[in-house]
Amino acid sequence: VQLQASGGGLVQAGGSLSLSCAASGGTFSTYRVAWFRQAPGKEREFVSLISTHADNTYYADSVKGRFTISRDNAKNVAYLQMDSLKPEDTAVYYCAARLTYDRATMRSATNYPYWGQGTLVTVSS
């Protein structure tokens, strides 16, 4: 599967952005989709994960209550709605996908074989 992330931009603190992850070349509904982010000088970190049919969602503690992950299997798209943004949310955001489910490893970037190119989110104070 090929992934393409979009929707990043510049926003003031407290604002909102919606990211999209468009998939092609695979059966999208069979993939778990995650969002990761990487700030300058930092390691890539887990943000959120959604199961194949959106039955389960998971969030990093740092974004819980502010970000919402969703997907539309009919359109082959996953989304990340980001509200109440903070300057510390500034990062390049990546969508990633995997076929298998393993709760123990779902927060590790190394366990996702498919990645989008990343979209930059900048939150100004």
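See the structure above.
All of the points below concern the structure found in this document. Treat the numbers as computed from the prediction; the structure is a model and nothing was measured.

**Quick word on the overall build of the protein**
Turning to step 1, where the next piece is worked out: Counting its regular elements, the protein contains zero helices and 11 strands.
Turning to step 2, where the next piece is worked out: In sequence order, the protein lays out its α and β elements as β-β-β-β-β-β-β-β-β-β-β.
Turning to step 3, where the next piece is worked out: The C-alpha radius of gyration of the protein comes to 13 Å, within 12% of the 14 Å expected for a compact globule of 125 residues.
Turning to step 4, where the next piece is worked out: Considering only C-alpha atoms, the protein reaches an extent of 40 × 30 × 25 Å along its principal axes.
Turning to step 5, where the next piece is worked out: For the protein, the residues scored as buried account for 42% of the 125 residues in total.
Turning to step 6, where the next piece is worked out: Of the roughly 6200 Å² that the protein leaves accessible, carbon and sulfur atoms contribute 47%.
Turning to step 7, where the next piece is worked out: When the 12 positive and 9 negative side-chain charges of the protein are each reduced to one mean point, those points stand 2 Å apart.

**Brief notes about the pattern of salt bridges**
One side chain can pair with another of opposite charge once the charged atoms of both are near each other.
Turning to step 1, where the next piece is worked out: Under the criterion given, the structure shown has four salt bridges.
Turning to step 2, where the next piece is worked out: Here Arg37 ties to Glu45 by a salt bridge, and the two come within 2.6 Å at their closest N and O atoms.
Turning to step 3, where the next piece is worked out: Residue Glu45 is classed as partly exposed on the basis of its relative accessible area, which comes to 35%.
Turning to step 4, where the next piece is worked out: Among the charged side chains, a salt-bridge network with shared partners connects Arg37, Glu45, Arg66 and Asp89.

Conventions and cut-offs
Numbering of residues begins from 1 in every chain and follows the order in which that chain's sequence is written. Given that this is a predicted model, residues contribute local features only at a pLDDT of at least 70 and side-chain atom pairs are listed and counted only at 80 or more, while totals for whole chains, interfaces and linings are drawn from all residues. The basis for the side-chain values is all heavy atoms of the structure; hydrogens and waters are excluded. Strands here mean DSSP runs of E at least two residues long; helices mean DSSP runs of H or I at least four residues long; both are numbered from the N terminus. Radius of gyration means the value over C-alpha atoms here, while the globule rule gives 2.2 Å times the residue count to the 0.38 power. Only protein chains enter the accessibility calculation, which uses a 1.4 Å probe; a residue is then buried when its area is under 20% of its type maximum, exposed when over 50%, and partly exposed in between. Areas reported here follow the Shrake-Rupley algorithm with a probe of radius 1.4 Å; residue values treat only the protein chains shown as occluding. Charged-residue counts in this description rest on Lys and Arg as positive and Asp and Glu as negative, His and the chain ends being excluded. Working definition for charges: the position is that of NZ of Lys, CZ of Arg, CG of Asp or CD of Glu. Here a salt bridge means any side-chain nitrogen of Lys or Arg lying within 4 Å of a carboxyl oxygen belonging to Asp or Glu.

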